[in-house]
Amino acid sequence: MAWLLVAASVTGLAGTAPAPVILVFGDSLSAGYGLRVEQGWVSLLAQKIEREGYGFRVVNASVSGETTAGGLARLPRALSVQRPRIVVLELGANDGLRGLPLDQTRDNLDQMIALLHGQHVAVLLLGLRLPPNYGERYTSGFMAMYQGLADKHHIALLPFLLENVALTPGLMQADGLHPNEKGQPLLLDNVWPKLEPLLRSAH
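These numbers were taken from a predicted model, which means no experiment stands behind them. (Residues numbered from 1 in each chain as written. Predicted model: local features only at pLDDT ≥ 70, side-chain atom pairs only at ≥ 80, totals over all residues. Heavy atoms only, no water.)

Participant: Is there a simple way to explain the packing of helix H5 (residues 102-118) against helix H6 (residues 136-153) in this structure?
Facilitator: What describes two packed helices is the angle between their axes and the distance between those same axes. It is the contact of H5 with H6, at a shortest axis distance of 10 Å, that shows an interaxial angle of 20°. Classified by the angle between their axes, H5 and H6 sit roughly parallel to one another. Classified by chirality, the crossing of H6 by H5 is right-handed. The segment H5 lies against H6, with Leu102, Thr105, Arg106, Leu109, Asp110, Ile113, Ala114 and His117 engaging Tyr138, Gly141, Phe142, Met145, Tyr146, Leu149, Lys152 and His153. The residue makeup of the contact of H5 with H6, split by class, is nine nonpolar, four polar and three charged. (Axes fitted to C-alpha atoms, helices over the stretch in contact; angles between N-to-C directions. Helix = DSSP H or I, 4+ residues; strand = E, 2+ residues; numbered from the N terminus. Parallel < 35°, antiparallel > 145°, perpendicular 65-115°, else oblique. Left-handed = near helix turned anticlockwise from the far one by under 90°. Contact = heavy atoms within 4.5 Å. Nonpolar A, V, L, I, M, F, W, Y, C, P; charged D, E, K, R; others polar.)

Participant: Where do I start with the layout of surface pockets in this structure?
Facilitator: Volume-wise, the largest pocket comes out at about 490 Å³. Together, 22 residues line the largest pocket, and Arg129, Pro131, Phe160, Leu162 and Ala166 are the ones closest to its centre. Per-element accounting of the lining of the largest pocket gives the leading share, three residues, to helix H4 (residues 93-97). Its residues assigned to classes, the lining of the largest pocket shows 14 nonpolar, five polar and three charged. (1 Å grid on protein atoms, 1.4 Å probe; cavity = no way out; pocket = protein on both sides within 12 Å on 5 of 7 lines; lining within 4 Å. Points joined across faces, edges and corners; volume = space filled by probe spheres on them.)

Participant: What am I meant to see in the pattern of salt bridges here?
Facilitator: Any two side chains of opposite charge can pair, so long as their charged atoms come close to each other. Scanning the model with the defined rule gives six salt bridges in all. In this structure, Glu52 and Lys48 form a salt bridge, with 3.7 Å as the shortest nitrogen-oxygen distance. In this pair, Glu52 and Lys48 both sit in helix H2 (residues 41-52), four residues apart, roughly one turn of the helix. Here Glu52 falls in the partly exposed class, since its relative accessible area comes to 41%. Residue class for Lys48 comes out buried when judged on its relative accessible area of 18%. Put simply, Asp110 and Lys152 hold a salt bridge, and the shortest N to O gap is 2.9 Å. One end of the pair, Asp110, is in helix H5; the other, Lys152, is in helix H6, with 42 residues separating them in the sequence. A relative accessible area of 52% places Lys152 in the exposed class. (Salt bridge = Lys/Arg side-chain N within 4 Å of Asp/Glu carboxyl O. Buried < 20%, exposed > 50% of the residue type's maximum accessible area, 1.4 Å probe, protein only.)

Put into structure tokens, the structure is as follows:
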């Protein structure tokens, strides 16, 4: 697995520890599908963290098309290699688009969060939503799943990553699923207020 380092490691004098890692662990919404690497919200996050002087480095381990089952299988190695201080967890959309059982998606996310907590990693969970054509019962259950996991594990939650983006003309790619380059700064605007308190407490 190739890790995409989107911010240079910040180190002090020789022999000091490298900068702590923020691991973004998601799917195409975080992998920058259809965009140049530098246009994606994760790259913009790395730039903002550097400007704000928090001293973290950002590693993007997001994979287009990833499901929660795939993420659960990948996560142990990602933790072993990167040893992150904070993980931004953004998965579930592909499960939902495939109509997979919500119990299965919830259980996979639950196991990932438990694994992160077991290694004393702070977690920011990014919630997602589905188009209405998947039916009221499924879409409502999908949306509530993220809040339920956040409540259970007492973790930070952004209820909807694509807030003010998904239904705004001119901010989505032609597929209607992925934000374009104009929408990426707005994704960062959504994430930052939830992430910054974790940066302060983990710094």
